[in-house]
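The chain contents come next:
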Amino acid sequence: MSFHSGFVCILGRPNAGKSTLLNALVGEKLAIISPKPQTTRNRILGIINVPKVKSREAGQIVLIDTPGVHQSGSSLGRKMMSEIREALEGCELILLIVDAKKKWDREDGFVLDLAKKAGTPIFLLLNKIDLLGDKSKLLPLIAQFQTLHDFKETVPISALKKKGLDELLSCVLKALPNGPRYFPEDQITDQPVRFMAAELIREHVLMQTHEEVPHAVSVLIEQFEESQRLTRIAAVIFCERDGQKAILLGKGGQMLKKIGTDARLDIEKMVGTKVFLELFVKIKAGWRDSRTFVEELDWRRQLQQIGGMPDPES
Ligand code: GDP
Ligand code: MG
């Protein structure tokens, strides 16, 4: 029996639906989602084990979700682009995902060029087809995209409504070579739990705040202690200015309390124990331009620094 496997990079502009697709295909919430651009800052691995069915061989797809491709001069922006390049390196297939409702423009051309440079076969995914009222628009749209590049496949999907995903999995598996099972069958990601907790906190900050605040916020876990019944977490929400701190705290601390309660409930679902969550807000002026701080936020870098040891919490 043949077994197909490989690394598959999800690439696209901010808000195209990359993280929604990762979560939908893996069936678990591995990446946080928001309607705001630049929600994803690190590359995120999601592992899918596909069983054999009549028309399809078995296999393992290692998906990599990436930050949205954009041009920014800050250290954070550069770090996000380097996360994308690392994801593209050594992948066997690129899933270029576009918002089917949006007109193709120069920014899309930039993403396509990046994908082409990788020299890897590219699938075009037309996402958000649930928003296309008139389905007869789909075929001309596909034809139009085919003039841009000889995509190996063009697959219309709705990541949100989970439409077209089975067809997508079959096409992806068919395009992957015979290969090993890279990860054990029960593993769905390589992210440490404590990093996922930090992301869930950041997701609630994104939900509750607007304008520049979401972009100016990062979250670091300072304490993460698991016991059978209780997980104790202390986390710092970093922002860049006094005004942002005031927004994050809210009147009488109400905002921070709401973020804390909502995040705690989500983290409890993830870890399966009660959670005691303490949140602090600190100002770190201009952190997005600090290469050292941006690297500090990268859990892969953190693991390297403690000698490549697996995270005890993961
Ligand atoms: P990313 O920046 O590419 O990772 O995009 P996200 O996955 O964070 O999604 C951005 C926004 O698009 C969120 O509000 C999602 O709910 C929404 N979205 C993603 N996929 C779909 C889809 O298939 N249909 C619709 N209607 N919305 C979607
Ligand atoms: Mg994302």
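Residues numbered from 1 in each chain as written. Chains lettered and ligands numbered in written order. Predicted model: local features only at pLDDT ≥ 70, side-chain atom pairs only at ≥ 80, totals over all residues. Heavy atoms only, no water.

1. Here we look at the sheet that holds strand E1 (residues 3–12)
Then comes step 1: Reading across from one edge, E2-E3-E1-E4-E5-E6 is the order of the six strands in this open sheet, with mixed pairing throughout. Of all strands in the sheet, those with a lone pairing partner are strand E2 (44–50) and strand E6 (153–156), marking the two edges. Neighbour-to-neighbour, the strand axes of the sheet open up by a mean angle of 25 degrees, direction not taken into account.
Then comes step 2: Set on the sheet, helix H5 (residues 165–175) makes contact with E1, E2, strand E3 (58–65), strand E4 (93–99), strand E5 (122–127) and E6; between it and E3 the angle comes to about 100 degrees. (Pairing = 2+ DSSP bridges. Helix = DSSP H or I, 4+ residues; strand = E, 2+ residues; numbered from the N terminus. Axes fitted to C-alpha atoms, helices over the stretch in contact; angles between N-to-C directions. Contact = heavy atoms within 4.5 Å.)

2. Considering the site of ligand 1
Then comes step 1: Around ligand 1 lies a shell of 18 residues, among which Asn-15, Gly-17, Lys-18, Thr-20 and Asp-130 are the nearest.
Then comes step 2: A distance of 3.2 Å is found between an oxygen atom of ligand 1 and a backbone nitrogen or oxygen belonging to Ala-16.
Then comes step 3: Contact between ligand 1 and Leu-160: an oxygen atom at 3.1 Å from a main-chain N or O atom of the residue.
Then comes step 4: Starting from 580 Å² of accessible surface for ligand 1 in isolation, the protein chains cover 88%.
Then comes step 5: At three residues, the largest contribution of residues to the shell around ligand 1 is made by helix H1 (residues 18–26).
Then comes step 6: Among the residues forming the shell around ligand 1, the class breakdown is seven nonpolar, seven polar and four charged. (Near = heavy atom within 4 Å. Polar contact = N/O pair within 3.5 Å; in protein donor to acceptor, adjacent residues only side chain to side chain. Areas by Shrake-Rupley, 256 points an atom, 1.4 Å probe, with all protein chains shown as cover. Nonpolar A, V, L, I, M, F, W, Y, C, P; charged D, E, K, R; others polar.)

3. Section: the packing of H1 against H5
Then comes step 1: Between H1 and H5, the shortest axis-to-axis distance is 11 Å and the interhelical angle comes to 85 degrees. Looking at the two axes, H1 sits roughly perpendicular to H5. Contacts between H1 and H5 involve Leu-21, Ala-24 and Leu-25 from the former and Leu-165, Leu-168 and Leu-169 from the latter. (Parallel < 35°, antiparallel > 145°, perpendicular 65-115°, else oblique.)

4. Observations concerning the packing of aromatic side chains
Then comes step 1: The full count for this structure, using the stated rule, is five aromatic pairs.
Then comes step 2: Judged by centre distance (5.6 Å) and plane angle (75 degrees), the ring pair of Trp-104 and Phe-145 falls under edge-to-face. Here Trp-104, found in the loop between E4 and helix H3 (106–117), pairs with Phe-145, found in helix H4 (residues 138–146); they are 41 residues apart in sequence, far enough to count as distant.
Then comes step 3: Considering the side-chain rings of Phe-238 and Phe-293, the 5.1 Å spacing of their centres and the 75 degrees angle between planes classify their relative orientation as edge-to-face. Pair noted here: Phe-238 is in strand E8 (residues 230–239) and Phe-293 is in helix H10 (residues 291–296), with a separation of 55 residues, a long-range link. Grouping residues by exposure puts Phe-238 and Phe-293 together as buried.
Then comes step 4: Among the aromatic residues, those joined into a ring-pair cluster are Phe-238, Trp-287 and Phe-293. (Phe/Tyr/Trp six-rings, centres within 6.5 Å; stacked < 30°, edge-to-face > 60°. Buried < 20%, exposed > 50% of the residue type's maximum accessible area, 1.4 Å probe, protein only.)

5. Quick word on the packing of helix H6 (residues 193–208) against helix H9 (residues 254–271)
Then comes step 1: Contact geometry of H6 with H9 gives a least axis separation of 9 Å together with a crossing angle of 140 degrees. Classified by the angle between their axes, H6 and H9 sit oblique to one another. As H6 packs across H9, the resulting crossing turns out to be right-handed. Side by side, H6 and H9 meet where Val-193, Met-196, Ala-197, Leu-200, Ile-201, Glu-203, His-204, Val-205 and Gln-208 of the first sit next to Met-255, Lys-258, Ile-259, Asp-262, Ala-263, Asp-266, Ile-267, Met-270 and Val-271 of the second.
Then comes step 2: Among the residues making up the contact of H6 with H9, the classes are represented as 12 nonpolar, two polar and four charged. (Left-handed = near helix turned anticlockwise from the far one by under 90°.)

6. Observations regarding the domain arrangement of the protein chain
Then comes step 1: As assigned here, the protein chain comprises domain 1 (3–175) and domain 2 (193–306).
Then comes step 2: Domain 1 and domain 2 are separated by 27 Å when their C-alpha centres are compared.
Then comes step 3: Each side of the interface is counted separately: domain 1 has 17 residues, and domain 2 has 23 residues.
Then comes step 4: Together, Ile-32, Lys-36 and Arg-41 form the three largest contributors to the area buried by domain 1 at its contact with domain 2, with a combined 33%.
Then comes step 5: In this structure, the connection of domain 1 to domain 2 is made through four salt bridges.
Then comes step 6: Between Lys-29 and Glu-203 there is a salt bridge, with the nearest N and O atoms lying 2.4 Å from each other.
Then comes step 7: On the surface where domain 1 and domain 2 come into contact, there are 13 residue pairs in polar contact (both at pLDDT 80 or more). (Domains from an automatic or database assignment. Buried area = accessible area lost by both parts, 1.4 Å probe. Salt bridge = Lys/Arg side-chain N within 4 Å of Asp/Glu carboxyl O.)

7. Some remarks on the pattern of salt bridges
Then comes step 1: Following the criterion strictly, the structure yields 19 salt bridges and no others.
Then comes step 2: Ionic pairing is found between Arg-288 and Glu-240, a salt bridge with its closest N-O pair at 2.6 Å. On the criterion of sequence distance, the pair formed by Arg-288 in the loop between strand E9 (274–283) and H10 and Glu-240 in the loop between E8 and helix H8 (242–249) is long-range, its members being 48 residues apart.
Then comes step 3: Judged by its relative accessible area of 22%, Arg-288 is partly exposed.
Then comes step 4: Residues joined by salt bridges that share partners form a network here, namely Arg-43, Lys-79, Glu-83, Glu-86, Asp-190, Glu-295, Asp-298, Arg-300 and Arg-301.

8. A short note on unusual backbone geometry
Only a minority of non-glycine residues have a phi that is not negative, and only a minority of peptide bonds are not trans.
Then comes step 1: Despite not being glycine, Asn-15 shows a phi value in the positive range, around 75 degrees.
Then comes step 2: Within the element layout of this structure, Asn-15 appears in the loop between E1 and H1.
Then comes step 3: Taking relative accessible area as the criterion, Asn-15 reaches 29% and is therefore assigned partly exposed.
Then comes step 4: Unusually for a residue other than glycine, Glu-211 sits at a positive phi of about 50 degrees.
Then comes step 5: As for its placement among the helices and strands, Glu-211 is situated in the loop between H6 and helix H7 (213–216).

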